[in-house]
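# Structural description and commentary
Below are the chains, spelled out letter by letter.
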Amino acid sequence: MTSPNSTMRSNTVFSSLLCSSGPGVYLLLFFFFFSLQRTNLVGTSNADFPSGDPGMYQLDVTLRRGQNLAARDRGGTSDPYVKFKLGGKEVFRSKTIHKNLNPVWEEKACILIDNPREPLYIKVFDYDFGLQDDFIGSAFLDLTSLELNRQTDVTLSLKDPRYPDHDLGSILLSVLLAPREEQREVTMLMRKSWKRSSKFQTQSLRLSDLHRKSQLWRGIVSVTLIEGRELKAMDANGLSDPYVKFRLGHQKYKSKIVPKTLNPQWREQFDFHLYEERGGIIDITVWDKDVGKKDDFIGRCQVDLSTLSREQTHKLEMPLEEGEGYLVLLVALTASAAVTISDLSVNSLEDQKEREEILKRYSPMMMFHDMKDVGFLQVKVIRAEALMAADVTGKSDPFCVVELNNDRLLTHTVYKNLNPEWNKIFTFNIKDIHSVLEVTVYDEDRDRSADFLGKVAIPLLSIQNGEQKAYVLKNKQLTGPTKGVIYLEIDVIFNAVKASIRTLMPKEQKYIEEEDRLSKQLLLRNFIRMKRCIMVLINAACYISSCFDWDSPPRSLAAFLLFLFAVWNFELYMIPLALLLLLAWNYFLIVSGKDNRQHDTVVEDMLEDEEEEDDRDDKESEKKGFMTRLYAIQEVCVTVQNILDEVASFGERIKNTFNWTVPFLSWLAIVALSVFTIILYFIPLRYIVLVWGINKFTKKLRSPYAIDNNELLDFLSRVPSDVQVVCILFKVSLW
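Cut-offs used in this document
- Residues numbered from 1 in each chain as written.
- Predicted model: local features only at pLDDT ≥ 70, side-chain atom pairs only at ≥ 80, totals over all residues.
- Heavy atoms only, no water.
- Core = buried A, V, L, I, M, F, W, Y, C linked by side-chain atoms within 4.5 Å.
- Buried < 20%, exposed > 50% of the residue type's maximum accessible area, 1.4 Å probe, protein only.
- Helix = DSSP H or I, 4+ residues; strand = E, 2+ residues; numbered from the N terminus.
- Contact = heavy atoms within 4.5 Å.
- Axes fitted to C-alpha atoms, helices over the stretch in contact; angles between N-to-C directions.
- Parallel < 35°, antiparallel > 145°, perpendicular 65-115°, else oblique.
- Nonpolar A, V, L, I, M, F, W, Y, C, P; charged D, E, K, R; others polar.
- Left-handed = near helix turned anticlockwise from the far one by under 90°.
- Patch = residues over 30% accessible without salt bridge, like charges linked within 9 Å, V, L, I, M, F, W, Y side chains within 5 Å.
- Areas by Shrake-Rupley, 256 points an atom, 1.4 Å probe, with all protein chains shown as cover.
- Salt bridge = Lys/Arg side-chain N within 4 Å of Asp/Glu carboxyl O.
- Lys, Arg positive; Asp, Glu negative; His and termini not counted.
- Charge placed at Lys NZ, Arg CZ, Asp CG, Glu CD.
- UniProt positions renumbered as here; feature names shortened; annotations may be inferred.
- Pairing = 2+ DSSP bridges.
- Phe/Tyr/Trp six-rings, centres within 6.5 Å; stacked < 30°, edge-to-face > 60°.
- Lys NZ or Arg CZ within 6 Å of the ring centre and 35° of its normal.

This part is about the nonpolar core. The nonpolar side chains of a soluble globular protein tend to be buried, and buried together. Ranked by size, the top nonpolar core spans 47 residues in total, and within it L377, V381, I486, L488 and I490 carry the most contacts. Broken down by element, this core gets its largest block of residues, 6 residues, from helix α14 (residues 663–682). Contact partners of I490, with chain neighbours within four places excluded, come to L377, Q378, V379, L437, I458, I463, Q464, N465, G466, E467 and Y471. V61, A70, F92 and L141 belong to the second-largest nonpolar core, a separate cluster that totals 32 residues.

And the structure:
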């Protein structure tokens, strides 16, 4: 305990030092009060924790062993491993001890504690190869019961909330809780603080401003990859499996793979942003896909954009260097879309004249003018609160990234602040009303890549115009919350006719996407989703079979009479009419409040398990697990994983269309089905098939470079799957 005299002496020293100048004085002051605070903390109890700075304590845990754990395998044993969770986030996972009910780990973990009053959650699982791991038991460690700076041995009894009376064994730990202030960290902090003195801070702000200006693109480069001709054969069968990579600055695009051909037809369209007024160079490389080994290089070429005139489509036949054959491209340079960054004082929608011009641009009268320009989006990024502390100072240097498809803009960085205010306005042109606005908060680090702090994803159709809302930040997978909230105000103006037509066109592909990876939890999740879709068909088949078997005579009699009536009076127009009636029935149930469908908790539980899997360090935790055992056939497993996802998503999207998950799409389906019903009712089928066939046969002649698409599949690609519904903020509003 510190006496009053010592406090007076410290104040005298403080006053005399303030009269001096220079960094060394403040460094001495920092060490003086650090040592004084350390003297006060040593030997105190955790019964009265200070409620001060986050990340103030360090918990050193040694996972010793387990005793008499519950058996979860058929052989009467288990393959146990342990997880530590803090604040709902996994902070440690042990190795797996095989076939042992009394495992010895002797593993150490160092955990930074933001809030000592939050208990450490310990979960023990039994590892099952290829299956979902079995839960053995869990326990809580109350950190407030520990004494600071003293090693403590703890024995925790495992419990299962479902079976509170069962004896599931125990876990033995050694724990040490201590304040985080250490000499080496203090020295680093002081060095870091002097680096951010006035001179360097001014320089960094200037660099940030320069970066912010450079991110606004000056034009759009529209590229259509048509075909390749006479490419070099790279496989033993005299053919190749070619695909093409494009690069313009930091922007990348990869085409689909066309198997077993030397004259591939791609017919893919994408856009790049043009940042330089004088143009730029698109680097193009062609590759042959090989399974199980490195892809073969076929050739390369370049497109110099400075040689192309603007507002005109150029057909280019590019010979491949260092190889054989050539590519056929269509390239067009257009003026920049309305993408801007401004302060809150410059608000386009608050200016009456500008607002009227925007409303006029997207009015029904302009429905056939510039079909790519569907709408206007304005995002006000106001502030964030209670962000995660990413730096050792207990603070962060947050900045915000606002993304709409491939359009990506940034705010400035607010240094050393967990409650930053940006007060910036971003505007975008909307190409697809079914796009999702993503706002991500990062912590700036000068010496390495930025740290992720949180993210929100907001479908444009769920936005309430002019309403300032606080959005809880989520993790990277959007499966659970992280720390902090962000305040946004968003306005969306769009042309409904343009948006509907755009729905029936191919969806824009994102340039920056994570590569597909093999994940045990993801594979299991897709298998369960696929199984649920198949079970719906099986249950329907069983129901029909029960009608044939007369298990319920009244039901079978009603089905028999309905069958006779439908077959005798059947016309083709009744198929879209039946789908139309199903949509109308579901709409009536939702509006009347009689919709008793249960909230889909199965997908949420699977996503929670997958989040725990993703939170681990893949390089460390999977070396001896599932990933290593399937390394040899990893690509095949990834393909199976993706096929399961596509098939399950297809069924879920059909279901969600009729469930009014996205009302805009359900209304569009009603309009389309009504039109089909009327056409089939009044026009004979032979005329419809005749028109369809003539269109298909003459399409190549009328438009040689047209991109083929399936309108139904393009429509369904805009409907969210069950996983997307859980992860993203889709809201059902029928009006």
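After that view, the rundown keeps rolling.
Running from N to C, helix α7 (residues 520–548) and helix α8 (residues 553–569) point in directions that differ by 95°, and their axes come no closer than 8 Å. One finds that α7 runs roughly perpendicular with respect to α8. Of the residues in α8, those touching α7 at Y543, S546 and C547 are R555, S556 and A559. Split by residue class, the contact of α7 with α8 holds 3 nonpolar, 2 polar and 1 charged.

With that settled, the discussion passes to the packing of helix α9 (residues 574–592) against α14. The geometry of α9 relative to α14 is characterised by a closest axis approach of 8 Å and an angle of 150° between their N-to-C directions. Taken together, α9 and α14 sit at an angle that is classed as roughly antiparallel. Seen from above, α9 lies across α14 with left-handed handedness. Across from P576, L577, L579, L580, L583 and Y587 in α9, the residues of α14 making contact are S666, W667, A669, I670, L673, S674, F676, T677 and L680. Taken together, the residues that form the contact of α9 with α14 break down as 12 nonpolar, 3 polar and no charged.

On the surface, K245, R247, K252 and K254 cluster together to form a positively charged patch. Broken down by secondary-structure element, the contributors of at least two residues to the positive patch are β10 (242–248) and β11 (251–254). Checked against the element boundaries, K245 lands in strand β10. Looking at K245, the relative accessible area reads 36%, which means it is partly exposed.

Taking the numbering used here, the UniProt-annotated feature "transmembrane region" (unreviewed entry) corresponds to residues 12–36, 557–588 and 664–692. Secondary structure within residues 557–588 divides into 88% helix and 0% strand; the distance between the first and last C-alpha atoms comes to 28 Å. Segment residues 664–692 splits into 93% helix and 0% strand. End C-alpha atoms: 27 Å apart.

Looking now at the pairing of strand β22 (residues 436–443). Each regular strand shows side chains that alternate between the opposite faces of the sheet. Burial within β22 is extensive, with 7 of its 8 residues counted as buried. As judged from the 7 bridges shared by strand β19 (residues 398–404) and β22, these two strands associate in the antiparallel manner. Along β22, the bridge assignment pairs C400 with V441. Examined bridge by bridge, β22 and strand β23 (residues 451–459) share 8 bridges and lie antiparallel to one another. Note that in β23 the partner of V441 across the bridge is G454.

Let's shift gears to the side chain of S721. Relative to the elements of secondary structure, S721 occurs in the loop between α16 (711–718) and α17 (722–727). Since its relative accessible area comes to 4%, S721 is described here as buried. Aside from chain neighbours lying at most four places away, what touches S721 is R529, S649, E652, R653 and N656.

On inspection of all chains with the given rule, the structure shows 18 aromatic pairs. Ring geometry for F246 against Y253: centres 6.4 Å apart, planes inclined by 50°, an arrangement best described as tilted. Y253 carries the same exposure label as F246, and that label is buried. Ring geometry for Y587 and W660: centres 4.9 Å apart, planes at 50°, overall tilted. Placement of Y587 in helix α9 and of W660 in the loop between α13 (634–658) and α14 is noted, with a sequence separation of 73 residues between them. The exposure class of Y587 is buried, given its relative accessible area of 15%. Judged by relative accessible area, which is 0%, W660 ranks as buried. Ring pairing ties together the aromatic residues F246, Y253, F270 and F272, which thus form one cluster. Above the plane of the ring of Y81 lies R93, whose end atom (NZ or CZ) is 3.7 Å from the centre. Above the plane of the ring of Y487 lies R383, whose end atom (NZ or CZ) is 3.9 Å from the centre.

Glancing now at the environment of I257. The residue I257 is located in the loop between β11 and β12 (265–274) in this model. On the accessibility criterion, I257 (38% relative accessible area) is partly exposed. The spacing of I257 and W287 is 30 residues in sequence and 9.3 Å in space, taken between C-alpha atoms. Ignoring anything within four residues of it in the chain, the contact list for I257 reads D241, P242, Y243 and K289.

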